[in-house]
Amino acid sequence: MKKVEEEVKAPQKEEEVEEQLEEEEELEEGEELEEEVEEPIPKEVVQRRKYLKRYKDKDLFETVEEVFDMATQMAVYELIRRGVIGELKGVISAGKEARVYCGKSPQGDDIAVKIYLTTTAEFRKSIRKYIIGDPRFEQIANRGLRHLIYAWARKEFRNLKRLEQAGVRVPSPIAVYRNVLVMEFIGENCKRAPLLVELAKPVNQLDVEEWKKIFETVYDYMVKMYQKARLVHADLNEYNIMYWKGEPVIIDVSQAVPINHPYAHDFLMHDIQQIRRFFSSVGVEVPSAAEMYARITGLE
Ligand SMILES: Nc1ncnc2c1ncn2[C@@H]1O[C@H](COP(=O)(O)OP(=O)(O)O)[C@@H](O)[C@H]1O
Ligand SMILES: [Mg+2]
């Protein structure tokens, strides 16, 4: 990923917001913030500035402006400036805690941009049980809500990295900055791949042999997730698995916890039950929960 290490002159108001944010900013591993250096401005940066200026007039940026606060707009802007996001296209999903957009990289590849909402108070409550007990995030839980959500986005980025390294098929992580996570887009031309639930309901679109194959792959990913990435997904079900090019892709890993988390065992049992329930509903003969637990944790 090409990164540009120059500052773009922004209008006064935005600069002030930026400065203020910079003060509260805390750098952590995985955030990948590039140092800004004072060098002569390269030609491509000048070009990008012109592009940004034009880009700002576009409809979609207006949409982003309507939905997100200034700090989030600036975070998106920063990723455009760094050459991570080329443009933002339509919204793919508008959940309670995050919105997912399809975008394009400056090179023209599809990217998925997940933006966590920093304004939902409920959010903090719902993520608490995953944060407490995770040594990587405990201290941050006592800081402001905004920081908690930045940490949450970084957590998803790191979990994606760990899972990818462990051989689990996930969207490849590209960058994270504040509450904005950029990753590989699963799908094509801004049309996302289907979720497993959509292939099963209202009409079952796959035959049982295909479902068996998908189950075996998901099962294998659960083993790798535990034994290699040393993580438990903690929200694994047919809504968080996509199906792309004949292979399942695990998504939504912000809440995944390390296996030494105090609730890791409970989360894993829950994941196993969810996976067993779904795959039996489409006709797969699934192993018992005990058998799966033993194989996943390596205790067999
Ligand atoms: N990398 C991606 N590529 C394509 N679509 C995605 C990607 N990540 C998420 N989505 C879409 O956005 C939806 C919500 O994303 P998810 O990470 O599950 O967040 P939430 O916490 O809102 O459930 C998914 O169900 C899927 O349809
Ligand atoms: Mg989800």
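Residues numbered from 1 in each chain as written. Chains lettered and ligands numbered in written order. Predicted model: local features only at pLDDT ≥ 70, side-chain atom pairs only at ≥ 80, totals over all residues.

Here we take up the overall build of the chain. Secondary structure assignment for the chain yields 10 helices and 11 strands. Burial analysis of the chain (300 residues in total) assigns 35% to the buried set. Sequence-distant contacts in the chain: of pairs separated by 6 or more residues, those separated by 24 or more amount to 65%. (Helix = DSSP H or I, 4+ residues; strand = E, 2+ residues; numbered from the N terminus. Buried ≥ 20, exposed ≤ 12 C-beta atoms within 10 Å, placed from the backbone. Contact = placed C-beta atoms within 7 Å.)

Attention now moves to helix α6 (residues 145-165). Under the 1.5 Å per step criterion, the end-to-end length of α6 is 30 Å for 21 residues, consistent within 8% with the ideal 30 Å. Of all the 21 residues making up α6, 15 are buried; the element is thus mostly covered by neighbouring parts of the structure. Of the residues one or two after α6, G167 is the one with positive phi, at around 85°. (Expected span 1.5 Å × (residues − 1).)

In the sheet, strand β9 (residues 241-244) pairs with strand β10 (residues 247-250) via 4 bridges, with the strands oriented antiparallel. Looking at the pairing, I241 lines up with I250 of β10. What sits between the antiparallel neighbours β9 and β10 is a turn of 2 residues, in which K245 has the positive phi angle 55°. (Pairing = 2+ DSSP bridges.)

This paragraph deals with the site of ligand 1. Near ligand 1 you find 19 residues, and of these S93, G95, A112, P171 and D252 are the closest. Listed by contribution, the elements that provide at least two residues to the shell around ligand 1 are β1 (87-94), β2 (98-104), β3 (110-116) and β5 (180-184). Within the shell around ligand 1, the residues separate by chemical class into 10 nonpolar, 4 polar and 5 charged. Counting contributing residues per domain, the shell around ligand 1 is built from domain 1 (12-188) and domain 2 (193-297), each supplying no fewer than three. (Near = placed C-beta within 6 Å. Nonpolar A, V, L, I, M, F, W, Y, C, P; charged D, E, K, R; others polar. Domains from an automatic or database assignment.)

With that settled, consider helix α4 (residues 70-81). Given a rise of 1.5 Å per residue, 12 residues ought to cover 16 Å, and the 16 Å separating the end C-alpha atoms of α4 matches this to within 8%. Counting buried residues in α4 gives 9 out of 12 residues, a clear majority hidden from the surface. Within the span of α4, buried status applies to T72, M74, A75, V76, Y77, E78, L79, I80 and R81. Count one or two residues on from α4 and you reach G83, which has phi positive near 80°.

Time to look at the nonpolar core. Ranked by size, the top nonpolar core spans 75 residues in total, and within it L79, V180 and V182 carry the most contacts. In terms of residue count, the dominant contributor to this core is α6 (9 residues). If you count residues domain by domain, this core takes at least three from each of domain 1 (12-188) and domain 2 (193-297). Residues within four places of L79 in sequence aside, it is in contact with V84, I85, A175, Y177, V180 and V182. (Core = buried A, V, L, I, M, F, W, Y, C linked by C-beta atoms within 7 Å.)

The strand order β1-β2-β3-β5-β4 describes an open sheet built from 5 strands, whose pairing is antiparallel. In the strand order of this sheet, the two ends are held by β1 and β4 (173-177), each with one partner. Geometrically, the sheet is characterised by an average inter-axis angle of 25° between neighbouring strands, direction not taken into account. Of the pairings in the sheet, the one linking β4 to β5 comprises 4 bridges and is antiparallel in character. Paired with Y177 across the two strands is V180, which belongs to β5. Along the sheet, α6 contacts β3, β4 and β5; its crossing angle with β4, the most-contacted strand, is approximately 165°. (Axes fitted to C-alpha atoms, helices over the stretch in contact; angles between N-to-C directions.)

Glancing now at the packing of helix α9 (residues 264-281) against helix α10 (residues 289-297). Closest axis-to-axis distance for the α9/α10 pair is 10 Å, and the angle between their directions is 125°. For the element pair α9 / α10, the angle class is oblique. Read as a crossing pair, α9 and α10 show a hand that is right-handed. Across the interface between the two elements, L268, M269, I272, Q273 and R276 from α9 touch A289, M292, Y293 and I296 from α10. For the contact of α9 with α10, a count of residues per class yields 7 nonpolar, 1 polar and 1 charged. (Parallel < 35°, antiparallel > 145°, perpendicular 65-115°, else oblique. Left-handed = near helix turned anticlockwise from the far one by under 90°.)

By secondary structure assignment, the location of V257 is in strand β11 (residues 257-258). Owing to 25 C-beta atoms within 10 Å, V257 belongs among the buried residues under this scheme. Taking the C-alpha atoms as reference points, V257 and R136, 121 residues apart in sequence, are found 9.8 Å from one another. Those residues within four positions of V257 in sequence are excluded, and the remaining contacts are Y130, D134, L231, V232, A234, A264 and F267.

Quick look at the packing of helix α8 (residues 208-227) against α10 now. α10 packs onto α8 with a crossing angle of 45° between their chain directions and a minimal axis gap of 8 Å. Taken together, the axes of α8 and α10 are oblique relative to one another. Mapping the contact onto sequence places M222, V223 and Y226 in α8 and R295, I296 and T297 in α10. Of the residues that constitute the contact of α8 with α10, the class distribution is 4 nonpolar, 1 polar and 1 charged.

So, about the confidence of the model for the chain. Mean pLDDT over the chain stands at 83; residues scoring 70 or higher make up 76%. Under a pLDDT of 50 for its full length, residues 1-37 has, in the predicted model, 43 contacts with residues more than four places off or in other chains. (pLDDT = per-residue confidence, 0-100.)

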